[in-house]
Amino acid sequence: MTMQIVAVDIGGTHARFALAEAADGRVIDLGSTVTFKTAEFASFQTAWEAFGETIPHPLPRAAGIAFAGPVEGDVLQLTNSHWTVRPSLIEARLNVDSFTLVNDFAAVGHAVGQASAGSFSHLCGPDVPLPELGTTTVVGPGTGLGVAYVLRTKDRYHVGPTEGGHLDFAPIDHFEDELVSELRAKLRRVSTERIVSGPGLRHIHDALGQIEKRAPFAQDDKALWTAALDGTDSLAVAALDRFCMALGSVAGDLALAHGANAVVIAGGVGARIAGHLPASGFAERFVAKGRFQAMMAGIPVKLITLDQPGLFGAAAAFAMEHSR
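Residues numbered from 1 in each chain as written. Predicted model: local features only at pLDDT ≥ 70, side-chain atom pairs only at ≥ 80, totals over all residues. Heavy atoms only, no water.

Draft legend 1. Seen up close, the packing of aromatic side chains. A complete count under the given rule lists eight aromatic pairs for this structure. Between Phe36 and Phe41 the ring centres are 4.9 Å apart and the planes differ by 50°, which places this aromatic pair in the tilted class. The burial state of Phe36 is the same as that of Phe41; both residues are buried. Here a set of aromatic residues connected by ring pairs shows up, and it is made of Phe17, Phe36, Phe41, Phe44, Trp48, Phe51 and Trp83. (Phe/Tyr/Trp six-rings, centres within 6.5 Å; stacked < 30°, edge-to-face > 60°. Buried < 20%, exposed > 50% of the residue type's maximum accessible area, 1.4 Å probe, protein only.)

Draft legend 2. Examining the nonpolar core more closely. In this structure, Ile195, Ile265, Ile273, Phe282 and Phe286 are the most contacted members of the largest nonpolar core, which totals 48 residues. The leading source of residues in this core is helix H7 (residues 234-258), at 12 residues. Each residue touching Phe282, except ones within four places of it in the same chain, is listed here: Cys124, Cys244, Leu247, Gly248, Ala251, Ile265, Leu277 and Val301. Ala7, Ala20, Ile304 and Leu311 belong to the second-largest nonpolar core, a separate cluster that totals 31 residues. (Core = buried A, V, L, I, M, F, W, Y, C linked by side-chain atoms within 4.5 Å. Helix = DSSP H or I, 4+ residues; strand = E, 2+ residues; numbered from the N terminus. Contact = heavy atoms within 4.5 Å.)

Draft legend 3. Spotlight on a nonpolar patch on the surface. Taken together, the side chains of Leu256, Phe292 and Met295 make up a nonpolar region of the molecular surface, amounting to roughly 270 Å² of accessible area. Summarising the element assignment, Phe292 is placed in the loop between helix H9 (282-287) and helix H10 (293-297). (Patch = residues over 30% accessible without salt bridge, like charges linked within 9 Å, V, L, I, M, F, W, Y side chains within 5 Å. Areas by Shrake-Rupley, 256 points an atom, 1.4 Å probe, with all protein chains shown as cover. Salt bridge = Lys/Arg side-chain N within 4 Å of Asp/Glu carboxyl O.)

Draft legend 4. A look at the side chain of Asp9. Along the chain, Asp9 falls in strand S1 (residues 2-10). Of the side chains with opposite charge, Arg16 comes closest to the buried, unpaired Asp9, at an N-O distance of 4.8 Å. Not counting residues up to four positions away in its chain, the partners in contact with Asp9 are His14, Ala15, Arg16, Ala66, Asp104, Gly310 and Leu311. (Lys, Arg positive; Asp, Glu negative; His and termini not counted.)

Draft legend 5. The sheet that holds strand S10 (residues 134-141), seen in detail. Here we have six strands laid out as an open sheet, ordered S9-S14-S13-S10-S11-S12, and mixed in their pairing. Strand pairing shows two members of the sheet lacking a second neighbour, strand S9 (120-124) and strand S12 (157-162), which therefore form its edges. The mean angle between the axes of side-by-side strands here comes to 25°, regardless of whether they run parallel or antiparallel. As judged from the eight bridges shared by S10 and strand S11 (residues 145-152), these two strands associate in the antiparallel manner. What sits directly across from Gly134, in S11, is Arg152. Helix-sheet contacts for helix H3 (residues 104-114) involve S9, S10, S11, S12, strand S13 (262-265) and strand S14 (301-304), and the interaxial angle to S11 is about 40°. (Pairing = 2+ DSSP bridges. Axes fitted to C-alpha atoms, helices over the stretch in contact; angles between N-to-C directions.)

Nothing here speaks to function; it is all geometry.
Written as structure tokens, this is what we have:
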């Protein structure tokens, strides 16, 4: 039986809505996305109502919601926004009969669990589809570093959101030793997301600049990423190379920790560097695990290419939960 779901992906800057169709616990279609700026709406409820005004019929009474932040507690506070969400009031305020609420990166895990083979591009390792059984590690550099795993069993899959982005970063060469030492002096503890995330590029760039006694990059992080990706600043390009190497190391460490037989790179930064990763040092760092190098070389590493993995995953989480 096919059912319609309102899929919602709530971030600190934008809230995205779409209508999805699901059957037998899986998403079969995701409609057009409507995007609102959270700063322009008083609350999630008023944004929901505005989305309803774009639809020529009443909204479905089912919702899959991805939320950028922890989803435990009576009151959920959206990072970098005035929005709060009270799970106990969602059904009444949104006029729905059922809903599923998941962390935004858990939603990405659900997207990995349900997306078709054509929704992934190959990065390194064997060029084969994701395995039907076993654990897939999902790594998503963005504002922070999202980490989850998808455990596929014979009958279904299970998503495990984690705080893997807060593991200690493990340097493996002299430059990374110096980078971590400099960051430790400022931060005391250097987690992986301090380096493998959007803001991490600046940390790497500044450390490289000290080698040549260059001044820090004068513009914001967005401009730094643009300069790195379009090649207009040679130091930014070098920082991006180093970023990709560090991402490869971290992704490999997480795959070892999860006992994974596949890895998927996701996240906003992951999408931006998709064209750069295959020619970077990512693959070499991913497999550089000493005695386990041969095993690591047998792990397929993919990039998820869905336009809206958060929305798709929110719908997928609802579909799976309510198919039981």
